[in-house]
Amino acid sequence: MKVTVFGIGYVGLVQAAVLAEVGHDVLCIDVDEAKVENLKQGLIPIFEPGLTPLVMQNYEAGRLNFSTNAEEGVKHGVMQFIAVGTPPDEDGSADLKYVTAVARTIAQYMDEHKVVLDKSTVPVGTADKVRSVMQETLNARGVELTFDVVSNPEFLKEGAAVSDCMRPERIVVGTDNEDVVDLLRELYEPFNRNHDRMILMDIRSAELTKYAANCMLATKISFMNEISNLAERLGADVEKVRQGIGSDPRIGYHFIYPGCGYGGSCFPKDVQALIRTAESIGYNSRLLQAVEDVNDAQKMKLPAFIKRHFGEDLKGKTFALWGLAFKPNTDDMREASSRVLMETLWAAGATVQAFDPEAMDEAQRIYGHRSDLRLMGTKEAALQGCDGLVICTEWQSFRAPDFDLIKKSLKQPVIFDGRNLYDPERINKRGFTYYAIGRGESIKLAG
Ligand code: UDX
């Protein structure tokens, strides 16, 4: 099937590559010429396991192509995916200018029936907007053509995007026209074998499903972070509590890991956007506001522990930081806890020596101008001469480090762990002071 994908971002590129892999003829359109040229040379703009070979193989096989020519894109596919960004407006609501621009472009150049699929995370009512923008454009052209607008949200996780897309847990399709369902079944047939993963619904429900999924997951995390704050004050170990509650299948073990706050391109933005959507219809979402407030406070916990240990003024102090990405297996630092941590430490006069297995270039791009940040080549090098070690991301390679070396390298054996990687008792025995989230030294201090 011929497919066009507008927007070669995370969602667009992964979806396009996966559709090409199963045999569809996919053309990706982006306004960024450099990005398109780079892709043709095999330079993939994001780090994502398995993505580079997938893109390269399918490009070489001629099933996946890249272009800046929007007209060519519209003419190519029966299926027209909109996968452009929806960045937050100043007030946190999703800005739809790129989505509506693509809708206008499709209507500008189409000369036969098209199925337009919203892949971007877009607020409820966006499909209606896309439809009216397209109809206006067609009216202005004075042509009578039919089209469908479908909500088909994406649920991929960074770091596991390719496998999430290859083996989706669900394919949510929101449509008001039964006739397009067959086409979508054909498009997704290779991903829908063994049991039917397609969940059909009306458009608005599909649009809300995406936000509800992300907000639910963010709520689980903030809930657990709230419990970790209680655990610290009550002298309990939140990791024990996590196991205790996770064993109930109604609660489950997923997404109840306390930590130094969630980040990334989705949770913070989507929670905010749903709060703004609620406001726009006169509903005050107290729960979602609390989810966001707890998360903001959680990002301040590691700096707060550091200041409790070393005092408010951190001039002359240097901290080793392990982990810059918002989570492992990505180089993405959007809304990462590490950024709040570094910015707070810098404001108090400290220097940071950081290492991340993938996000070094990204850190250089964002903070390369700062003299109070040293980007180090290895996790061991980052420790040299520092006053303490801070951990913001749970990379596998941080889980079993050489503790003797850490002790030798630091001026003081103190670890501030935002991801609860180590066992407090064992690490105390090795002679470390260990601050973690809802356990370790944090308990004694709070009590
Ligand atoms: C998320 C959703 O999982 C995905 O379905 C959606 O399509 C996009 O948003 P992503 O942002 O890639 O994906 O990352 P995810 O793995 O969900 O982690 C988000 C953040 O939550 C990370 O900062 C992570 O460290 C944090 N987190 C996750 C916790 O603090 N505790 C947990 O138990 C789980």
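- Labelled according to an unreviewed UniProt entry, the chain appears under the name UDP-glucose 6-dehydrogenase, originating from Paramixta manurensis.
- On record in UniProt, under Catalytic activity (unreviewed entry), the comment for the chain is "UDP-alpha-D-glucose + 2 NAD(+) + H2O = UDP-alpha-D-glucuronate + 2 NADH + 3 H(+)".

### A closer look at the overall build of the chain
Step number 1: Across its full length, the chain carries 19 helices and 14 strands.
Step number 2: Its C-alpha atoms give the chain a radius of gyration of 24 Å, within 12% of the compact-globule value 22 Å for 447 residues.
Step number 3: Principal-axis analysis of the C-alpha atoms gives the chain an extent of 75 × 45 × 45 Å.
Step number 4: Sequence separation of 24 or more characterises 71% of the internal contacts of the chain that already satisfy a separation of 6 or more.

### With respect to the site of the ligand
Step number 1: Around the ligand, the surrounding shell holds 18 residues, and the nearest of these are Glu158, Tyr257, Tyr262, Gly264 and Cys266.
Step number 2: When residues in the shell around the ligand are grouped by element, the largest group, three residues, is from helix H9 (residues 203–234).
Step number 3: Each residue belonging to the shell around the ligand can be placed in one class, and the counts come to eleven nonpolar, four polar and three charged.
Step number 4: Taken domain by domain, the shell around the ligand gets at least three of its residues from each of domain 1 (2–201) and domain 2 (259–446).

### Some words on the UniProt feature "active site" (unreviewed entry) in the chain
Step number 1: The positions UniProt marks with the feature "active site" (unreviewed entry) are Cys266.
Step number 2: With respect to the element layout, cysteine 266 can be found in the loop between helix H10 (238–246) and helix H11 (267–280).
Step number 3: Taking the C-beta count within 10 Å as the criterion, cysteine 266 has 23 such neighbours and is therefore assigned buried.

### Looking at the packing of helix H5 (residues 97–109) against helix H6 (residues 126–141)
Step number 1: Direction vectors running N to C along H5 and H6 enclose 40°, while the axes themselves pass 8 Å from each other. The chirality of how H5 crosses H6 is right-handed. Along the contact surface, H5 presents Val99, Thr100, Ala103, Arg104, Ile106, Ala107 and Gln108, while H6 presents Thr126, Lys129, Val130, Val133, Met134, Thr137 and Leu138.
Step number 2: In terms of residue class, the contact of H5 with H6 is built from eight nonpolar, four polar and two charged.

### Quick look at the domain arrangement of the chain
Step number 1: Structurally, the chain comprises domain 1 (2–201) and domain 2 (259–446).
Step number 2: With twelve residues of domain 1 at the interface, the matching set in domain 2 holds 15 residues.
Step number 3: Along the lines of polarity and charge, the residues of the side of domain 1 that touches domain 2 split into six nonpolar, four polar and two charged.

### Examining the pairing of strand E6 (residues 147–151)
Step number 1: For strand E5 (residues 114–118) and E6, the ladder comprises five bridges, and the chain directions are parallel. Looking across to E6, one finds that leucine 117 is bridged to valine 150.
Step number 2: Between E5 and its parallel partner E6, the chain crosses via H6, and the hand of that crossover is right-handed.

### Quick word on the packing of H11 against helix H12 (residues 286–299)
Step number 1: It is the contact of H11 with H12, at a shortest axis distance of 9 Å, that shows an interaxial angle of 150°. Between H11 and H12, the angle is such that the two are roughly antiparallel. The hand of the H11/H12 crossing is left-handed. Where H11 abuts H12, its residues Val271, Gln272, Leu274 and Ile275 lie against Leu288, Gln289, Val291 and Glu292.

### Quick word on the UniProt feature "binding site: substrate" (unreviewed entry) in the chain
Step number 1: Per the UniProt record, "binding site: substrate" (unreviewed entry) is annotated on Phe155, Leu156, Lys157, Glu158, Lys210, Phe255, Ile256, Tyr257, Pro258, Gly259, Gly263 and Lys327. Spanning 173 residues, the named residues are also spread out in space, since their farthest C-alpha pair is 23.9 Å apart.
Step number 2: Residue glutamate 158 is classed as buried on the basis of its C-beta count, with 24 C-beta atoms lying within 10 Å.
Step number 3: One can find glycine 259 in the loop between H10 and H11.
Step number 4: Overall, the presence of 27 C-beta atoms within 10 Å leaves glycine 259 in the buried class.
Step number 5: If near-sequence neighbours (up to four positions away) are discounted, glycine 259 is found in contact with Gly418, Arg419 and Ile437.

### What to know about helix H14 (residues 337–347)
Step number 1: Buried within H14 are the following residues: Ser337, Ser338, Val340, Leu341, Met342 and Leu345.
Step number 2: Buried residues in H14 make contact with H12, helix H13 (301–310), strand E9 (318–322), strand E10 (351–355), strand E11 (373–375) and strand E12 (388–391).
Step number 3: Within two residues after H14, glycine 349 carries a phi angle of roughly 95°, on the positive side.

### Re the environment of proline 424
Step number 1: Inspection of the secondary structure puts proline 424 in helix H18 (residues 424–429).
Step number 2: The buried category is assigned to proline 424, around which 20 C-beta atoms lie within 10 Å.
Step number 3: Beyond its immediate stretch of four places on either side in the chain, proline 424 contacts Tyr434, Ala436, Arg439 and Gly440.

What counts, and where the lines are drawn
- Residues numbered from 1 in each chain as written.
- Predicted model: local features only at pLDDT ≥ 70, side-chain atom pairs only at ≥ 80, totals over all residues.
- UniProt positions renumbered as here; feature names shortened; annotations may be inferred.
- Helix = DSSP H or I, 4+ residues; strand = E, 2+ residues; numbered from the N terminus.
- Rg over C-alpha atoms; globule rule 2.2 N^0.38 Å.
- Contact = placed C-beta atoms within 7 Å.
- Near = placed C-beta within 6 Å.
- Nonpolar A, V, L, I, M, F, W, Y, C, P; charged D, E, K, R; others polar.
- Domains from an automatic or database assignment.
- Buried ≥ 20, exposed ≤ 12 C-beta atoms within 10 Å, placed from the backbone.
- Axes fitted to C-alpha atoms, helices over the stretch in contact; angles between N-to-C directions.
- Left-handed = near helix turned anticlockwise from the far one by under 90°.
- Pairing = 2+ DSSP bridges.
- Right-handed = clockwise from strand over helix to strand, strands pointing away.
- Parallel < 35°, antiparallel > 145°, perpendicular 65-115°, else oblique.

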